[in-house]
Amino acid sequence: MSRDGRIGVGIIGAGEIAGAHMRGYLQAAEHARVVAIADVDPARAQRFTERAGRPDIFVDYRQMIASPSVDAVDICLPHHLHKDAIVAAAEAGKHILCEKPLCLTIEEADAVTRAVTNAGVTLMCAHNQLFLPTVAAARQMVRDGRLGKVYGARTTDIFALSIDPDRLGWRARRATSGGGELIDTGYHPTYLLLHLIDSAPVKVAAVLSRHRLEILEGEDSATVLVEFANGSVGTIVTSWAYEPAGCTERFSIVGEAGSLWSDGRALHHKPRGGEQVVVQESGGETDTYAAEVVDFIACLVEGRRPINTEVEGVKVLKVILGAYASAERGEIVELKNP
Ligand SMILES: NC(=O)c1ccc[n+]([C@@H]2O[C@H](COP(=O)([O-])OP(=O)(O)OC[C@H]3O[C@@H](n4cnc5c(N)ncnc54)[C@H](O)[C@@H]3O)[C@@H](O)[C@H]2O)c1
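Residues numbered from 1 in each chain as written. Predicted model: local features only at pLDDT ≥ 70, side-chain atom pairs only at ≥ 80, totals over all residues.

Section: the overall build of the protein chain
For the protein chain, the helix and strand inventory stands at eleven helices and 15 strands. With the principal axes as the frame, the protein chain shows a C-alpha extent of 60 × 40 × 40 Å. A total of 338 residues make up the protein chain; the buried ones form 49% of that total. A fraction of 71% describes how many contacts in the protein chain between residues 6 or more apart in sequence connect residues 24 or more apart. (Helix = DSSP H or I, 4+ residues; strand = E, 2+ residues; numbered from the N terminus. Buried ≥ 20, exposed ≤ 12 C-beta atoms within 10 Å, placed from the backbone. Contact = placed C-beta atoms within 7 Å.)

Rendered as structure tokens:
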């Protein structure tokens, strides 16, 4: 606990996304404070010291985790480093917010699950798009049966990545990213699909492509089909190669009694045979990163389960790994569910 009684948070990895998370900690300042930041490059951590209120800076995150003023860690590391940081934090009894993906393999997922369960700590997956107000509203409408039996859903996350290829760094290599675009940006429409469809994914088929970003070892685009136990079929379309066509929805869901679709800002509902209505107006842009951090802190304060813990994180990972296996083998892959 930090000296003033607030939850002490240590950020691990002071790169791009850590800056977005900082906005959340400033909003959650009544209950939490960033007391430490660890980065192998201390100059990167130093960039946040003013905004964070002069936290301690560490080069070795294991030393930071050992600090008694750190109650929770926020893991903002390259993908291949997530598992070790989660296990180290859990073994030290610290709560965890972890950026996507949770980790990279089934073996890592088992180690993460064991460590978090044995320690009894809270782990929240940083699945920020679940904090879009339209997502919560759509999920509720599905659960309330407003679409009747759900036949299918489509989720997308597509943009033309314009970053200088030399700056892609760890993202360009399979060993450090775990694949290509699908396990990175493609993680968002995957957890979104699983959140919207109220059933277990059972089969996956995928086509991966590299249209433009030759620097990547993996794909820059992916289309993934997911069959669910209740018969619903999901489609994930995701890319860094191109700008989405103007009519591309963030998500859409069709069922026997009608459909829902959203561009992420407004939510539209069309009952079967009826007129389309706006059930949620397009508000301002939601800072989903800040919202997820505020909710993480609220979960710790209230002892509440996060929307997505390691349990959902592992399910998302299994779909992604199934998609990679499908593309490699050229066949539909059955998912093993516990
Ligand atoms: N939710 C989103 O929309 C979103 C967006 C961007 C990134 N992310 C995720 O956030 C994570 C980080 O991505 P990023 O874009 O911030 O990467 P980044 O490369 O900008 O930052 C990573 C930081 O980790 C540091 N680092 C590397 N090894 C370290 C170690 N052993 N100990 C301590 N620090 C170490 C690096 O020096 C760097 O500052 C990834 O999991 C990524 O997928 C999520």
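Describing the nonpolar core
The biggest cluster of nonpolar side chains holds 93 residues, and the ones touching the most others in it are Ile86, Ile96, Ile320 and Ala323. The greatest single-element share of this core, amounting to eight residues, is contributed by helix α11 (residues 310-329). If you count residues domain by domain, this core takes at least three from each of domain 1 (7-126 + 289-306) and domain 2 (129-283 + 317-334). Those residues within four positions of Ile86 in sequence are excluded, and the remaining contacts are Ile75, Ile96, Cys98, Val112, Ala115 and Leu123. (Core = buried A, V, L, I, M, F, W, Y, C linked by C-beta atoms within 7 Å. Domains from an automatic or database assignment.)

Quick notes on the packing of helix α9 (residues 187-196) against α11
At a minimum axis distance of 10 Å, the contact between α9 and α11 shows a crossing angle of 115°. Here the hand of the crossing between α9 and α11 comes out right-handed. Listed contacts from α11 to Tyr187, Thr190, Tyr191 and Leu194 of α9 are Glu312, Lys315, Val316, Val319 and Ile320. Grouping the constituent residues of the contact of α9 with α11 by class yields six nonpolar, one polar and two charged. (Axes fitted to C-alpha atoms, helices over the stretch in contact; angles between N-to-C directions. Left-handed = near helix turned anticlockwise from the far one by under 90°. Nonpolar A, V, L, I, M, F, W, Y, C, P; charged D, E, K, R; others polar.)

Quick look at the site of the ligand
Residues in contact with the ligand amount to 23 residues; listed here are only the nearest, Gly13, Gly15, Glu16, Ile17 and Glu99. Considering every element that reaches the shell around the ligand, the biggest residue donor is helix α1 (residues 16-27), with three residues. Among the residues making up the shell around the ligand, the classes are represented as twelve nonpolar, four polar and seven charged. (Near = placed C-beta within 6 Å.)

What to know about helix α10 (residues 288-302)
Across its 15 residues, α10 extends 20 Å between first and last C-alpha, which sits within 8% of the 21 Å expected from 1.5 Å per residue. As for α10, its buried residues are in contact with β1 (7-12), α1, β2 (32-38), β4 (72-75), β5 (95-98) and β6 (123-125). Of the residues flanking the end of α10, it is Gly303, one or two places downstream, whose phi is positive at about 65°. (Expected span 1.5 Å × (residues − 1).)

Quick word on unusual backbone geometry
In this model, Lys100 is joined to Pro101 through a cis peptide bond whose omega is -10°. Looking at where Pro101 falls in the secondary structure, it is placed in the loop between β5 and α6 (106-119). Its identity as a non-glycine residue notwithstanding, Arg54 has a phi of 60°, on the positive side. Positionally, Arg54 belongs in the loop between α3 (49-52) and β3 (56-58).

A few points about α6
An ideal rise of 1.5 Å per residue puts 20 Å on 14 residues; α6 measures up with 20 Å between its terminal C-alpha atoms. When we look at burial in α6, the residues that qualify are Glu108, Ala109, Val112, Thr113, Ala115 and Val116. For α6, the angular spread of the buried residues around the axis is 170°, confining them to a single face. Residues of α6 that are exposed and point more than 90 degrees away from the buried face comprise Glu107, Arg114 and Asn118. Against the buried residues of α6 lie α5 (82-91), β6 and α11. (Arc of directions from axis to C-beta.)

What about the sheet that holds strand β15 (residues 333-334)?
The pairing of strands in a sheet comes from backbone hydrogen bonds and takes either a parallel or an antiparallel form. Strand order in the open sheet formed by nine strands is β14-β13-β12-β11-β7-β10-β9-β8-β15, and the pairing between neighbours is mixed. The open sheet terminates on both sides in strands that have one partner only, identified here as β14 (277-280) and β15. Bridge count for strand β9 (residues 221-228) against strand β10 (residues 233-239) is seven bridges, and the pairing is antiparallel. Pairing of Val224 across the sheet is with Ile236, part of β10. Of the strands in this sheet, β7 (150-158), β8 (201-209), β9, β10 and β11 (251-255) are in contact with α9, which crosses β7 at around 160°. Here α11 sits on the sheet in contact with β8, β9 and β15, set at roughly 55° to β8. (Pairing = 2+ DSSP bridges.)

Quick word on the environment of Ala66
Mapped onto the elements of the fold, Ala66 is located in the loop between α4 (61-65) and β4. Along the backbone, Ala66 and Ala88 are 22 residues apart, and their C-alpha atoms lie at a distance of 9.5 Å.

Examining the sheet that holds β1
Reading across the sheet, the six strands line up as β3-β2-β1-β4-β5-β6 and stay open at both edges, with parallel pairing between neighbours. Of all strands in the sheet, those with a lone pairing partner are β3 and β6, marking the two edges. Sheet twist, expressed as the mean angle between neighbouring strand axes with direction ignored, is 25°. Across four bridges, the pairing between β1 and β4 is parallel.

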